[in-house]
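Here is what each chain is made of, one letter per residue.
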Amino acid sequence: MKLRRTLVARAVALCVSCSVASWGLAATQDVAISAPVVVGERLSDWLLRNAGPHADTTALHWSVAAERAPQTRLKQAILDGLASAKRLSLPEAERAELLAWVQAMPVTGRLNVSVADARWLQGNPAQDPVLQDGHRVSLYPRPRTVTVWSGSVQPCVAAQVPGAVIQDYLRVCLGAEGASARDWTWVAQSDGSTRRFGVAPWNRSLQDEPGPGAVLWAPRRSANISNSVSDNLARFLATQAPVSGMQAVLPVRVQALSAGYQPNAKAPEPTASDWGEIGLLQTPTARMAAAGDARFTLSRVAPYTRGTVMLQPLDWLEGGFRYTDVANRLYGATIAGDQSYKDKSIDIKLRLREENSLWPQVALGLRDLGGTGLFSSEYVVASKRWGNWDASLGIGWGYMGSRGTVKNPFSVFGSELDSRPAPVVGQGGTPSTQSWFHGPSALFGGIQWQSPTSPWTLKLELEGNDYQHEPQANQQITRSPINVGAVYRYSPHIDFSMAYERGNQFMFGLTLHGGVDNLYSPKLLDPVTPKVTGADPSRLPPAGLGNTAGNIEVYTGWQVRSLSRQGNALVVQAETDTALHLQARVERAVAVLHQDAAASAKKFVFELNERGLPMSRIEVDRAEWVGQQIRAEAPALTLPAYQSRAGQPFPTNSQAAETSSAEQWQGERSGFTAEFGPSYRQSLGGPDGFLLFQLGAQAKLEQRFSDNTWISSALDFRLLDNYDRFKFDGESNLQRVRTYSREYVTTSRLTLPLLQLTHVQALGGNQYISAYGGMLESMFGGVGAEWLYRPWQSHLAFGVDINHVRQRDFGQNLSFRDYSVNTGHATLYWDTGWNDIQVELSAGRYLAGDSGATLDVKRVFQNGTTIGGWATKTNVTAEQFGEGSFDKGIYVKIPFDVMLPKSSP
């Protein structure tokens, strides 16, 4: 550190001698190669023609006139944000200076080039821009500076030094005191890319090296400039010419900079506690994983083995469920023989506030909030980071507060809060709200240190449990309330943990974690999409339409019903499925049509149906699409050019003409399909065995009588199972409608779980109906109907279904048992438009004859993966319902498409 201070001091001393050179440097950068463009010429050709194959393209600027309008709006948004921000804590003179600085920056229309090397661009023509009228290319000499702008002082232009990081430039330009007054710095690199980095001890992250010509926007913490305004400003700075572009606004000073250091901190990597939540060892912290994170933690510290699944549907919400195996207690000899005791629990943690330079991050959590409540706890915890150190301090109640080191702070509201009522277990599954935040409480907390250069994280904690009030009278000997441990991140998705706890026990753990929102498998087995060129295709004979339809089906999975020529448009009518990524499929279909269609086809129209119901109409201008594919700046096809109203006949093309039989192809309207694959079902956590499973082979058959009417069936052959161990059916006074799992699995090896006739129809006015009958599923058969009202492009839909069903024979044949019931629900569907959250609320009568409602809340990520939870409450008591008190669940749905090397619906 002493050597580093010397280098920085020497760099600052050099500033005095740098000022004269700075003006010369700025002047030379005004000289740039800016030769006219040739319309239709590639950028690589322009570079080779004007600068040669070895030109330094660090400061290449490609400007497009069409981009000036959106950049003008971006600039205005910055000015509005700076002018109208109520919390902006800048002296009026500084605010005016800042506004004038932004106002003076020109709108350049600059667009990014992925790699500005002529030879690379020639080898990657899809990334090589085609220059058009209104484009301008400028090649500035290689910049040799980095500019720091803080909004409150004159811009500082420092010499760019390889190896120097953001912290170096801030210290030299702003001084140690000025640098410490910043929380975030935005970097606008010379290639047009931007990123934000934490630069304070509480949020410091590994930093990219600012390249030649980079601009650092580092507003003071006290200025209260919002991150959204700074994000926009960084994007706009990335469109500017090198440093000389700022010289006309304010005087600039140039400082020399000696090579610096790599920051000794990196962004925190949250790790799981023994209990599976983000935390230390036995205690949680206020930290959260990123939204979409899912993890499985298995930990062992005698006498408990815990298996926990935790999910992070939102940045501020963590929840999950746990099975705890108590090795020295039995489930019950009359129920499960010598199987050790298993306890189920649900956890939740809410972030109350985010960390900033002054305040810690704060979270509120509940462990084992339902069920038997053996390990129930409530807690509030705060976490504060300083570089590689992260400290947490919290207060816990219940299991986490049994040491009773502090008086319950809530006892000021009544002495009854000093004692904790025993959980009312009953049938389990009901939150014990009467005991929340009651009884003795204890402080807990600790620190962890994360190595900046290795995958180790070290942990030290004080826990609030004394282990002398364990459930099931399972008191444990303890020698110390201090636990110490470590986590080794073996790979980005695998953590190993170990610890010495209670002063006499070793803990070992394994955590598997990752973002389900990022799951994706490269589609290596998909056919390669036809290459797109700008050349006009040759005219194909009309007989080629059938071959084109077959190619579309191969590339998209659609069933093409017809291809026809209508005026200058080629119209495709196709039956789609519920697969994800419609945009990608449309792109593939357009590529096929462009390869096969005659040059006179100027437009491609897709009329997409699902089960005979019109879903969308997409029009693609052929020339524009081709231009997008061969121009580097082009965005991908995003929104359909036109969509019909759902449930309405597709409109007739205004340019349609009589279609001769030679210009159309008609596919089959119905047919027989068969699919073969494995079948699997499981039951987790029962007293007869933790995992009961059935594995079989299944054939799915379907006969389409028309697009709207079909009969579907499934035949299943059971190959392997252990359901013969399933003996405990649970206790309930309700009709048994779902608890005959053993009987339905083991009675027959060959079963018919599905045989159903279905008809759907669009009524118009955004209304749909369906009617169905047969063996509807493995346990019930009957008849039913549904009506759905779905306004076009609305966030809401409403449906009603009614059914008369009878319980099927255990052999899943064509026979029935005696029990029958009328059931049905009214359901409201709501796409909230907030964080991809969808809600379903159903009310009606259930299979057991009880009436009530079900609430299902889920987050659906862009890749189709879903994290959700549901609960059903009806007019029966917990005693009538039996074990669990009421139906509830947490689920994760993962589409096969994100796991397979081939696109799948």
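Residues numbered from 1 in each chain as written. Predicted model: local features only at pLDDT ≥ 70, side-chain atom pairs only at ≥ 80, totals over all residues. Heavy atoms only, no water.

1. Quick notes on the overall build of the protein
Stage number 1. When helices and strands are tallied, the protein shows 15 helices and 38 strands.
Stage number 2. A total of 905 residues make up the protein; the buried ones form 49% of that total.
Stage number 3. Split by element, the accessible area of the protein, about 41,900 Å² in all, is 59% carbon and sulfur. (Helix = DSSP H or I, 4+ residues; strand = E, 2+ residues; numbered from the N terminus. Buried < 20%, exposed > 50% of the residue type's maximum accessible area, 1.4 Å probe, protein only. Areas by Shrake-Rupley, 256 points an atom, 1.4 Å probe, with all protein chains shown as cover.)

2. Digging into the pattern of salt bridges
Stage number 1. Inspection of every chain in the model, using the stated rule, returns 32 salt bridges.
Stage number 2. With a shortest N-O distance of 3.5 Å, Arg 220 and Glu 94 are connected by a salt bridge. Of this pair, Arg 220 sits in the loop between strand 8 (215-217) and helix 8 (227-237) while Glu 94 sits in helix 5 (residues 92-104), and the two are 126 residues apart along the sequence.
Stage number 3. Across the salt bridge formed by Glu 702 and Arg 611, the nearest N and O atoms sit 3.1 Å from each other. A residue pair is termed long-range when its members are at least 10 positions apart, and Glu 702 in strand 28 (residues 689-706) and Arg 611 in the loop between strand 24 (603-610) and strand 25 (613-621) qualify at 91 residues.
Stage number 4. Judged by relative accessible area, which is 16%, Glu 702 ranks as buried. (Salt bridge = Lys/Arg side-chain N within 4 Å of Asp/Glu carboxyl O.)

3. What to know about the sheet that holds strand 2 (residues 110-111)
Hydrogen bonding along the main chain pairs the strands of a sheet, whether they run parallel or antiparallel.
Stage number 1. Read across the sheet, three strands follow the order 2-1-3 without closing on themselves; strand pairing throughout is antiparallel. The open sheet has two edge strands, strand 2 and strand 3 (135-140), and neither has a second partner. (Pairing = 2+ DSSP bridges.)

4. What to know about the packing of helix 4 (residues 68-84) against helix 8
Stage number 1. The interhelical angle for the contact between helix 4 and helix 8, taken along N-to-C directions, is 140°, at an axis separation of 9 Å. Our classification of the angle between helix 4 and helix 8 gives oblique. In this structure, helix 4 meets helix 8 at a crossing whose hand is left-handed. Between helix 4 and helix 8, the contacting residues are Gln 71, Leu 74, Lys 75, Ala 77, Ile 78, Gly 81 and Leu 82 on the first element and Val 229, Asn 232, Leu 233, Arg 235 and Phe 236 on the second. (Axes fitted to C-alpha atoms, helices over the stretch in contact; angles between N-to-C directions. Parallel < 35°, antiparallel > 145°, perpendicular 65-115°, else oblique. Left-handed = near helix turned anticlockwise from the far one by under 90°. Contact = heavy atoms within 4.5 Å.)

5. Structural notes on the pairing of strand 17 (residues 441-450)
Stage number 1. By the criterion of burial, strand 17 is predominantly enclosed, with seven of the 10 residues buried.
Stage number 2. By the bridge criterion, nine bridges tie strand 16 (residues 389-398) to strand 17 in an arrangement that is antiparallel. Each residue of the ladder has a partner; that of Trp 389, found in strand 17, is Trp 449.
Stage number 3. Two elements, strand 17 and strand 18 (residues 456-462), share six bridges in a ladder whose sense is antiparallel. Each residue of the ladder has a partner; that of Ile 447, found in strand 18, is Leu 460.
Stage number 4. Once strand 17 ends, the chain turns through five residues before running back antiparallel as strand 18.

6. Quick look at helix 5
Stage number 1. The end-to-end C-alpha distance of helix 5, which contains 13 residues, comes to 18 Å, matching closely the 18 Å that a straight helix rising 1.5 Å per residue would cover.
Stage number 2. Residues of helix 5 that are buried: Glu 94, Arg 95, Leu 98, Trp 101 and Val 102. What you see down the axis of helix 5 is that its buried residues fit within an arc of 125°, all on one side. When the buried face of helix 5 is taken as reference, the exposed residues oriented beyond 90 degrees from it are Glu 92 and Ala 93. (Expected span 1.5 Å × (residues − 1). Arc of directions from axis to C-beta.)

7. Brief notes about the state of the cysteines
Stage number 1. Evaluation of the coordinates by the stated rule reveals one disulfide.
Stage number 2. Note that Cys 156 is cross-linked by a disulfide to Cys 173, the S-S spacing being 2.1 Å. On the S-S bond that ties Cys 156 to Cys 173, the torsion sits near -60°, and the link is left-handed. Here the residue Cys 156 occupies a position in strand 5 (residues 156-159), and Cys 173 occupies one in helix 7 (residues 166-179), the gap between them amounting to 17 residues. In terms of burial, Cys 156 and Cys 173 fall into one category: buried. (Disulfide = S-S within 2.5 Å.)

8. Focus on the sheet that holds strand 23 (residues 569-575)
Stage number 1. Strand order in the open sheet made by the five strands is 25-24-23-22-26, with mixed pairing throughout. Each edge of the sheet is formed by a strand with only one pairing partner; in this case those strands are strand 25 and strand 26 (664-666). Going across the sheet, the axis of each strand differs from the next one's by a mean of 15°, ignoring polarity.
Stage number 2. In this sheet, strand 25 lies alongside strand 24 in antiparallel orientation, the contact comprising eight bridges. By the bridge assignment for strand 25, Glu 610 is matched with Leu 613.
Stage number 3. Relative to strand 24, helix 12 (residues 582-596) is tilted by about 135°, and along the sheet it contacts strand 22 (559-566), strand 23, strand 24 and strand 25.

9. Some points on the environment of Leu 691
Stage number 1. Following the sequence through the fold, Leu 691 ends up in strand 28.
Stage number 2. On the basis of relative accessible area, Leu 691 is assigned to the partly exposed category, the value being 37%.
Stage number 3. Distance from Leu 691 to Tyr 723, taken between C-alpha atoms, is 9.4 Å for residues 32 residues apart in sequence.
Stage number 4. If we ignore the near neighbours within four places in the chain, the residues touching Leu 691 are Tyr 680, Gln 682, Ser 683, Leu 684 and Asn 722.

10. A closer look at the packing of aromatic side chains
The relation between two aromatic rings is expressed through the spacing of the ring centres and the mutual angle of the planes.
Stage number 1. Under the definition given, this model contains 22 aromatic pairs.
Stage number 2. Here the aromatic rings of Tyr 379 and Phe 444 are separated by 6.4 Å at their centres, their planes lie at 80°, and the arrangement is edge-to-face. In this pair, Tyr 379 sits in strand 15 (residues 377-386) while Phe 444 sits in strand 17, placing the two residues 65 residues apart along the sequence.
Stage number 3. Classification of Phe 444 by relative accessible area gives buried; the value is 1%.
Stage number 4. Measuring from ring centre to ring centre gives 5.1 Å for Tyr 740 and Phe 810, while their planes differ by 55°; the resulting arrangement is tilted. Remark: Phe 810 occurs in the loop between strand 33 (796-808) and strand 34 (816-831) and Tyr 740 occurs in the loop between strand 29 (709-721) and helix 14 (741-746); sequence separation between them is 70 residues.
Stage number 5. Among the aromatic side chains, those forming a connected cluster through ring pairs are Trp 275, Tyr 304, Phe 375 and Tyr 399. (Phe/Tyr/Trp six-rings, centres within 6.5 Å; stacked < 30°, edge-to-face > 60°.)

11. A word on the environment of Asp 191
Stage number 1. Tracing the chain through its elements places Asp 191 in the loop between strand 6 (184-188) and strand 7 (194-198).
Stage number 2. A sequence separation of 23 residues divides Asp 191 from Ala 214, and the C-alpha atoms of the two residues are 8.7 Å apart.
Stage number 3. A polar contact is formed between the side chain of Asp 191 and the side chain of Ser 193, at a distance of 2.7 Å. (Polar contact = N/O pair within 3.5 Å; in protein donor to acceptor, adjacent residues only side chain to side chain.)

12. Describing the side chain of Gln 812
Stage number 1. Note that Gln 812 resides in the loop between strand 33 and strand 34.
Stage number 2. Sequence-distant contacts of Gln 812, that is, excluding residues within four places in its chain, are made with Tyr 744, Thr 751, Leu 752, Pro 753 and Ser 778.

13. Side note on empty space enclosed by the protein
Stage number 1. Within this structure, the stated rule accounts for 11 cavities of 30 Å³ or more.
Stage number 2. A volume near 70 Å³ is recorded for the second largest cavity.
Stage number 3. Surrounding the second largest cavity, Lys 266, Pro 268, Arg 385, Gly 387, Asn 388, Trp 389, Asp 390, Gln 448, Trp 449 and Gln 450 form its lining.
Stage number 4. If you list the elements that add at least two residues to the lining of the second largest cavity, you get strand 16 and strand 17.
Stage number 5. Element by element, the count of residues in the lining of the second largest cavity is highest for strand 17, at three residues. (1 Å grid on protein atoms, 1.4 Å probe; cavity = no way out; pocket = protein on both sides within 12 Å on 5 of 7 lines; lining within 4 Å. Points joined across faces, edges and corners; volume = space filled by probe spheres on them.)

14. What about the side chain of Asp 466?
Stage number 1. As for its position among the elements, Asp 466 is in the loop between strand 18 and strand 19 (482-491).
Stage number 2. Notably, Asp 466 is buried but unbridged: the nearest opposite-charge side chain belongs to Arg 403, and the N-O separation is 5.9 Å.
Stage number 3. A polar atom in the side chain of Asp 466 sits 3.1 Å from the side chain of His 469.
Stage number 4. Here Asp 466 is in contact with Ser 402, Arg 403 and Thr 478, once residues within four sequence places are set aside. (Lys, Arg positive; Asp, Glu negative; His and termini not counted.)

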